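Structural characterization, general
Below are the chains, spelled out letter by letter.
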Amino acid sequence: MKITILGSGSAYGVPFAGGGWGACDPKQPRNRRTTPSIFIDDGKTTLLVDMGPDFKEQIARHNISKFDAIFFTHPHADHIAGMFHLPILMYHRNGVNLPMYVDRATRRDIEKVWWYMFDPSIALEYTGTARPFWREMLPPEKMQIGTLDIQTFWQQHGRIKSVGLRVGNFAYSTDVNDFPPESEEHLYGLDYWVVDCNCLTNTDKSHSYVEKSVAWAQKFKPKKTYLTHLDYTIDYDSVSKMLPAGVELAYDGLTIEL
Ligand SMILES: [Zn+2]
Ligand SMILES: [Zn+2]
């Protein structure tokens, strides 16, 4: 199984709109970060996790022309704004319908903004013959997406919840500031864990920061932890030096093989 970090940035990316790099050195290519998303490919099934505003550029960089399903972790714009591109994707799917895995709140918010893609009286003209369809998730649950065995679990993300996912000994925990006790069992015994670390210090209550994410890594003890959803306060070289063995910063284009 191969996992590609399509985007390792926080909601506004680095540099953010208007060109701000914050503490990040513009000369370090790993500081250039697009919005958070990963791509999972086990050779038989391909799964896109989140579809943010940089989606089109991200899949172009990696020559990804299609995928079997989309998994949305939660309805914030940096995770769903790529929905704009859905009609053209559907048009080129040769009639193959596209399952979209969501919790109820995410489905509601996506349908509010992109209602025209789901109105049966008009959707066909936007989507060609292939249709998107919802698969509602109610974590914690075991699911099969093609050949991928997935375990979902809830994560606290400020006032809302996001969905974490585990596939084998890999887990993805973007957008989280706390784990409910019942989710913790899914975080032990990992080979790789990609987890939120939005800021250098505790400045955003709906996300994690360096000290907290490192403490999580020391608690759950995955063999390797990659920090993601990184904002302009996280300079790749200077923060990398602060991290203990086994914890590293993710970057756009990083691949993990299991
Ligand atoms: Zn986010
Ligand atoms: Zn979020």
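Here's what I pulled together on the structure shown here. Because the structure is a prediction, the values reported are computed rather than measured. Per chain, the residues get numbers from 1 upward, laid out in the order the sequence is written. Labels follow written order: the first chain is A, the first ligand is 1, and so on. A pLDDT threshold of at least 70 governs which residues receive local features in this predicted model, and a stricter bar of 80 or more applies before side-chain atom pairs are shown or counted, although totals over entire chains, interfaces and linings include all residues. To get the side-chain values, take all heavy atoms of the structure and skip hydrogens and water.

1. Digging into the overall build of the chain
- A run of DSSP states H or I qualifies as a helix once it reaches four residues; a run of E qualifies as a strand once it reaches two. Both are numbered from the N-terminal end. The number of helices and strands found in the chain is seven helices and 14 strands.
- The size measure is the radius of gyration over C-alpha atoms, and the globule rule it meets is 2.2 Å times the number of residues to the 0.38 power. A compact globule built from 258 residues would reach a C-alpha radius of gyration of about 18 Å, and the chain, at 18 Å, matches this within 12%.
- Principal-axis analysis of the C-alpha atoms places the extent of the chain at approximately 55 × 40 × 35 Å.
- Here, Shrake-Rupley sampling with a 1.4 Å probe gives the accessible areas, and only protein chains in the shown set may cover a residue. Per element, the accessible surface of the chain, about 11700 Å² overall, is 52% carbon and sulfur.

2. Thoughts on the coordination of the zinc ion (ligand 2)
- Sodium, potassium and calcium take a 3.2 Å donor cutoff, other metals 2.8 Å, and in both cases only N, O and S atoms count; water is not among them, so sites may look incomplete. Protein coordination at the zinc ion (ligand 2) comes from His74 (NE2), His76 (ND1), His157 (NE2) and Asp175 (OD), with a distance range of 2.1 to 2.4 Å.
- Square planar and octahedral assignments, for four and six donors respectively, both demand that opposite donors be over 155 degrees apart and that all other angles lie between 65 and 115; tetrahedral needs four donors with all angles between 85 and 135 degrees, and anything else is irregular. The coordination sphere of the zinc ion (ligand 2) comprises four donor atoms, whose angles at the metal cover 90 to 172°; the geometry is irregular.
- Between the zinc ion (ligand 2) and the zinc ion (ligand 1), the interatomic distance is 3.4 Å, and Asp175 donates to each metal, bridging them.

3. Some points on the sheet that holds strand E1 (residues 2-7)
- In spatial order, the strands read E6-E5-E4-E3-E2-E1-E14; together these seven strands make up an open sheet with mixed pairing. Every other strand in the sheet has two partners, leaving strand E6 (132-136) and strand E14 (255-257) as the edge strands with one partner each. Taken pair by pair, the neighbouring strands of this sheet meet at an average axis angle of 20°, ignoring direction.
- We treat two strands as partners when DSSP finds at least two bridges between them. Note that strand E5 (residues 98-102) and E6 share five bridges and pair parallel. Its bridge partner being in E6, Tyr101 is matched across the sheet by Arg135.
- The sheet contacts of helix H4 (residues 104-113) involve E5 and E6, and relative to E6 the element is tilted by about 155°. Each axis is a line fitted through C-alpha atoms, and for a helix only the stretch in contact is used; angles between axes span 0 to 180 degrees, taken between their N-to-C directions. Between two residues, a contact is recorded if the distance between any of their heavy atoms is within 4.5 Å.

4. Some remarks on helix H6 (residues 210-220)
- Those residues of H6 that fall on the buried side of the exposure criterion are Val210, Ser213, Val214, Trp216, Ala217 and Phe220. For H6, the arc enclosing every buried residue in end-on projection is 155°, short of the 170-degree limit, so these residues lie on one face.
- In this fold, the buried residues of H6 make contact with strand E11 (192-196), strand E12 (224-228), helix H7 (236-240) and strand E13 (247-249).
- Looking one or two residues past H6, Lys221 carries a phi angle of roughly 55°, positive in sign. To sort residues, take the accessible area from a 1.4 Å probe on protein chains only and compare it with the maximum for the residue type: under 20% means buried, over 50% means exposed, and anything in between is partly exposed. Think of the arc as the fan of directions from the helix axis to the C-beta atoms.

5. So, the state of the cysteines
- Disulfides are defined as cysteine sulfur pairs within 2.5 Å. In total, this model carries zero disulfides according to the counting rule given.
- Free cysteine Cys24: the closest other cysteine sulfur is in Cys199, separated by 12 Å.
- With relative accessibility at 3%, the residue Cys24 sits in the buried group.
- Free cysteine Cys197: the closest other cysteine sulfur is in Cys199, separated by 7.7 Å.

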